[in-house]
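Topology and contacts: notes
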Amino acid sequence: ELKTSGNWEKALAYFEKALAIDPEYASAHCNAGIAHVNKNDFSRACHSFEQAYRADGANVINMINLGNAYGMSGKTQKAIDCFAQAKKLNPLNAKLSFWLGFLQMDRGNSQEAIVEFLQAISLDANQPLAHFNLSILYEKLNLNDLSKKHMDKAIELKPALKESIN
């Protein structure tokens, strides 16, 4: 309830009390991390998600949250490493492939990004932003037919994208 109310200070106090009782309570660390993200305190968010991951490293959500926090704090390689580890535990998660593609694209690693976006689409064909990003990557590589194919699919899946490119 505290998380949905947006009262992040009260939520953090609550999670800190829970962690005083059980310092290995992964969910409390995770929720504290979410509160820190919502307060734009990415350094503390990373710390909380690292603690959640240490407490429960088999939980893919903890790794995804940690990867997102690393990405938001500019630690792109750490984010990539985190998502890659999560993908090993859950290779059929299209969102993981999408985010790995996005981070690889951000780093200028076009080929790696293409592989990840294609995998995301193979796992879930309804990924308009994966198609959109593939279109951009293919255009940069002068693969215009592939670029058009993926842009058309992106717009078919999410017509609002057409406005963003005009």
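Our structure is the block above this text.
1. As for the packing of helix H4 (residues 42-55) against helix H5 (residues 60-72)
Taken N-terminus to C-terminus, the directions of H4 and H5 make an angle of 160 degrees; their axes are 9 Å apart at the nearest point. By the angle between their directions, the pair H4 and H5 is classed as roughly antiparallel. Every pair of crossing elements has a handedness; the one defined by H4 and H5 is left-handed. Along the contact surface, H4 presents Phe-42, Ala-45, Cys-46, Phe-49, Glu-50, Ala-52 and Tyr-53, while H5 presents Asn-62, Met-63, Asn-65, Leu-66, Ala-69, Tyr-70 and Met-72. For the contact of H4 with H5, the per-class residue count stands at 11 nonpolar, 2 polar and 1 charged.

2. A closer look at a nonpolar patch on the surface
Among the surface-exposed residues, Leu-141, Leu-143 and Leu-146 lie close enough to one another that they form a single nonpolar patch of about 210 Å² accessible area. Mapped onto the fold, Leu-141 is located in the loop between helix H9 (128-140) and helix H10 (144-157).

3. Quick notes on unusual backbone geometry
The backbone of Asn-40 shows a phi angle near 60 degrees, a positive value even though the residue is not glycine. As for its placement among the helices and strands, Asn-40 is situated in the loop between helix H3 (26-38) and H4. The phi torsion at Asn-142 lies on the positive side, around 60 degrees, for a residue other than glycine. Within the element layout of this structure, Asn-142 appears in the loop between H9 and H10.

4. Notes on H4
A rise of 1.5 Å per residue sets the reference length of H4, with its 14 residues, at 20 Å; its end C-alpha atoms lie 20 Å apart and thus fit the reference within 8%. Among the residues making up H4, those that are buried are Ala-45, Cys-46, Ser-48, Phe-49, Glu-50 and Ala-52. Where H4 is buried, its residues touch H3 and H5.

5. Quick word on the pattern of salt bridges
Oppositely charged side chains can form a pair if their charged atoms are brought close together. Scanning all chains against the criterion turns up 4 salt bridges. The residue Lys-87 makes a salt bridge to Glu-116 at a minimum N-O spacing of 2.5 Å. With Lys-87 in helix H6 (residues 76-89) and Glu-116 in helix H8 (residues 110-123), the pair connects residues that are 29 residues apart, well separated along the chain. Glu-116 carries the same exposure label as Lys-87, and that label is buried. Between Asp-152 and Lys-148 there is a salt bridge, with the nearest N and O atoms lying 2.7 Å from each other. With a gap of 4 residues between them, Asp-152 and Lys-148 both fall in helix H10, about one helical turn apart. Looking at Lys-148, the relative accessible area reads 53%, which means it is exposed.

6. Considering the nonpolar core
Ranked by internal contacts, the top residues of the largest apolar core, which has 20 residues, are Phe-49, Ile-64, Phe-83, Ala-86 and Leu-96. Secondary-structure elements contributing two or more residues to this core are H3, H4, H5, H6 and helix H7 (94-106). With 6 residues, H5 is the single largest residue contributor to this core. In contact with Ile-64, not counting residues within four places along its chain, are Phe-83, Ala-86, Asn-93 and Leu-96. Residues Ala-113, Ile-121, Ala-130 and Tyr-138 belong to the second largest nonpolar core, which totals 11 residues.

7. Focus on the packing of aromatic side chains
Applying the stated criterion across every chain yields a total of 5 aromatic pairs. On the basis of an interplanar angle of 80 degrees and a centroid distance of 5.2 Å, the ring pair of Phe-98 and Trp-99 is categorised as edge-to-face. Under the relative-accessibility criterion, Trp-99 is labelled partly exposed at 33%. Aromatic side chains Trp-99 and Phe-102 sit 5.5 Å apart centroid to centroid with 80 degrees between the ring planes, which places their arrangement in the edge-to-face category. You can see Trp-99 and its partner Phe-102 sitting in helix H7, 3 residues apart, about one turn around the helix. Residue Phe-102 is classed as partly exposed on the basis of its relative accessible area, which comes to 37%. Through a chain of ring-to-ring contacts, the aromatic side chains of Phe-98, Trp-99, Phe-102 and Phe-117 assemble into a single cluster.

What counts, and at which threshold
Every chain begins its residue count from 1, and numbering advances along the sequence as written. Reporting of local features is limited, given that this is a predicted model, to residues whose pLDDT is at least 70; pairs of side-chain atoms are given and counted only at 80 or more, and all residues count toward the totals for whole chains, interfaces and linings. For the side-chain quantities, the full set of heavy atoms in the structure was used; hydrogens and water were omitted. Structural elements are reduced to axes, namely lines fitted to C-alpha atoms, with helices fitted over the stretch in contact, and the angle between N-to-C directions of any two is expressed from 0 to 180 degrees. For helices the rule is a DSSP run of H or I covering at least 4 residues; for strands it is a run of E covering at least 2, with both sets numbered from the N terminus onward. Geometric relationships in this document are graded by angle, where less than 35 degrees denotes roughly parallel, more than 145 denotes roughly antiparallel, 65 to 115 denotes roughly perpendicular, and other angles denote oblique. Here a crossing is taken to be left-handed if its near helix is turned anticlockwise relative to the far helix by less than a right angle, and right-handed if that turn runs clockwise. By definition in these notes, contact holds between two residues if any of their heavy atoms fall within 4.5 Å. Each residue gets one of three labels, nonpolar for Ala, Val, Leu, Ile, Met, Phe, Trp, Tyr, Cys and Pro, charged for Asp, Glu, Lys and Arg, and polar for the others, Gly among them. Here the term patch refers to residues with relative accessible area over 30% and no salt bridge, with like charges joined within 9 Å and nonpolar side chains (Val, Leu, Ile, Met, Phe, Trp, Tyr) within 5 Å. Accessible surface is estimated by sampling points in the Shrake-Rupley manner with a 1.4 Å probe; for residues, cover comes only from the protein chains shown. Here, a salt bridge means any side-chain nitrogen of Lys or Arg that lies within 4 Å of a carboxyl oxygen of Asp or Glu. Take the number of residues in a helix, subtract one, and multiply by 1.5 Å to get its expected span. Throughout this description, buried means an accessible area under 20% of the type-specific maximum (1.4 Å probe, protein chains only), exposed means over 50%, and partly exposed covers the range between. Think of a nonpolar core as a cluster: buried Ala, Val, Leu, Ile, Met, Phe, Trp, Tyr and Cys residues, connected wherever their side-chain atoms sit within 4.5 Å. A pair of Phe, Tyr and Trp rings is counted when the ring centres sit within 6.5 Å of each other, with Trp represented by its six-membered ring. The angle between the planes then sorts it: under 30 degrees is stacked, over 60 is edge-to-face, the rest tilted.

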